[in-house]
Structure formats: structure tokens, C-alpha cells
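# A closer look at the structure
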Amino acid sequence: MTSTQGAKTILHPVTDLAKARPVYAALLGVEPMADSPYYVGFEAEGQQIGLVPNSDMTAPIAYWHVADIEAKIQEITTAGGTLKDAPKDVGGGRLVATLTDPDGNILGILQDPS
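As the structure is a computational prediction, the values presented were derived from the model and not from experiment. (Residues numbered from 1 in each chain as written. Predicted model: local features only at pLDDT ≥ 70, side-chain atom pairs only at ≥ 80, totals over all residues. Heavy atoms only, no water.)

### Concerning the environment of A7
Filter applied, for reference: Numbering of helices and strands runs from the N terminus, with a helix taken as a DSSP run of H or I at least four residues long and a strand as a DSSP run of E at least two residues long. Only protein chains enter the accessibility calculation, which uses a 1.4 Å probe. A residue is then buried if its area is under 20% of the maximum for its type, exposed if over 50%, and partly exposed in between.
Residue position: A7 is located in strand 1 (residues 7-14). The exposure class assigned to A7 is partly exposed, which follows from its relative accessible area of 23%. When the C-alpha positions of A7 and P37 are compared, they lie 25 Å apart, and in sequence the two are 30 residues distant.

Here you go:
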């Protein structure tokens with residue numbers, strides 16, 4: 001099995017970025033490092049906290065960083081997980097995918113470019 005590099009990215013679904021942005025800035029004690037109409041991202045203590053408007057997410061998703069997303073998908077599905085969303089490039093070569101555990105909990109995995 002391959003290990004993860006930890007859950008370093010957590011995405012939160014929001015309905016109103018303008019209202020959510022100051023709340024998360026106050027919580028984290030930093031201003032956003034990425035601020036666009038489709039994503040607001042904060043970098044705090046080695047964590048990437050993202051606000052995602054207009055998504056189909058119903059709860060925050062933690063993304064576990066991995067060196068090889070395809071290998072980790074294989075390991076998780078072999079162990080009984082189910083692929084929900086296949087890997088996709090979200091910019092700059094960063095790949096993300098989601099799977100579910102046997103209870104339907106969403107597991108996010110993320111691979112940064114080498």
C-alpha cells in the first residue's frame with residue numbers, strides 16, 4: 001500500500017462567497033490567497049481551505065494528498081471503496097478524485113504535479 005501525505009485540503013460548499021469569505025478569514029486569521037467568483041482559497045498552517053459556490057457538494061470534503069492518484073484509487077476500490085468522480089485536472093496539473101467508503105462517506109484524494 002502507498003501512504004498519504006495527510007489531509008491538507010478541505011473544500012467547503014457555500015451559497016454566498018461574499019458572506020462566507022469574511023467568516024473564514026476571521027476563523028483562519030488570514031486573507032484569501034485565491035479569490036475568484038468560482039473559488040476562494042486560504043492557506044493557513046499548511047492547510048488549503050477552499051470555498052466552492054454552486055457545487056453539488058452537501059458537506060465539506062477533506063482531500064488526502066497522494067503521490068500517485070491512480071494507485072491510491074486502485075487500493076481504495078480493492079479494499080471496498082467506490083469511485084465517485086474520476087481524476088480530473090483542476091488547474092496546473094493538480095488532479096482530484098472522490099471515492100466513497102461502504103457507508104457513503106466521501107473520500108477526496110489529490111495529486112499535485114511532480
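### Let's talk about the pairing of strand 6 (residues 82-89)
As a general feature of sheets, a regular strand has side chains that alternate between the two faces. For the record, the criterion: Being paired, for any two strands, means DSSP has found at least two bridges between them.
In terms of strand pairing, strand 6 meets strand 7 (residues 95-100) through five bridges, oriented antiparallel. Within the sheet, the bridge partner assigned to D89 lies in strand 7 and is L95.

### As for the UniProt feature "domain: VOC" (unreviewed entry) in the protein
Formally: UniProt positions are given in the numbering used here, feature names are shortened, and annotations may be inferred rather than shown by experiment.
The residues that UniProt annotates with the feature "domain: VOC" (unreviewed entry) are residues 6-112. Overall, residues 6-112 shows 21% helix and 46% strand. The separation of its end C-alpha atoms is 13 Å.

### Describing the side chain of Q48
Stated precisely, the cut-off is as follows: Residue contacts are defined here by distance: any two heavy atoms, one from each residue, within 4.5 Å place the two residues in contact.
Here Q48 lies in strand 4 (residues 47-53). On the basis of relative accessibility, which here comes to 9%, the residue Q48 falls in the buried class. In this view, Q48 contacts K8, T9, I10, M33, Y39, G41, F42 and E43; residues no more than four positions away in its chain are not counted.

### A word on the pattern of salt bridges
Side-chain pairing between opposite charges can occur once the charged atoms of the two side chains come close. The following threshold applies: Take a side-chain nitrogen of Lys or Arg and a carboxyl oxygen of Asp or Glu: if they are within 4 Å of each other, that pair is a salt bridge.
Counted according to the given criterion, the structure contains four salt bridges. In this structure, the salt-bridge partner of D35 is R21, at a minimum N-O distance of 3.1 Å. Of this pair, D35 sits in strand 2 (residues 34-36) while R21 sits in helix 1 (residues 17-28), placing them 14 residues apart in sequence. Take D35: its relative accessible area is 48%, and that puts it in the partly exposed class. With relative accessibility at 24%, the residue R21 sits in the partly exposed group. A salt bridge links E75 to K72; its shortest N-O distance comes to 2.9 Å. Residue E75 and its partner K72 are both found in helix 2 (residues 69-78); the two are separated by three residues, about one turn of the helix. Under the relative-accessibility criterion, E75 is labelled partly exposed at 23%.

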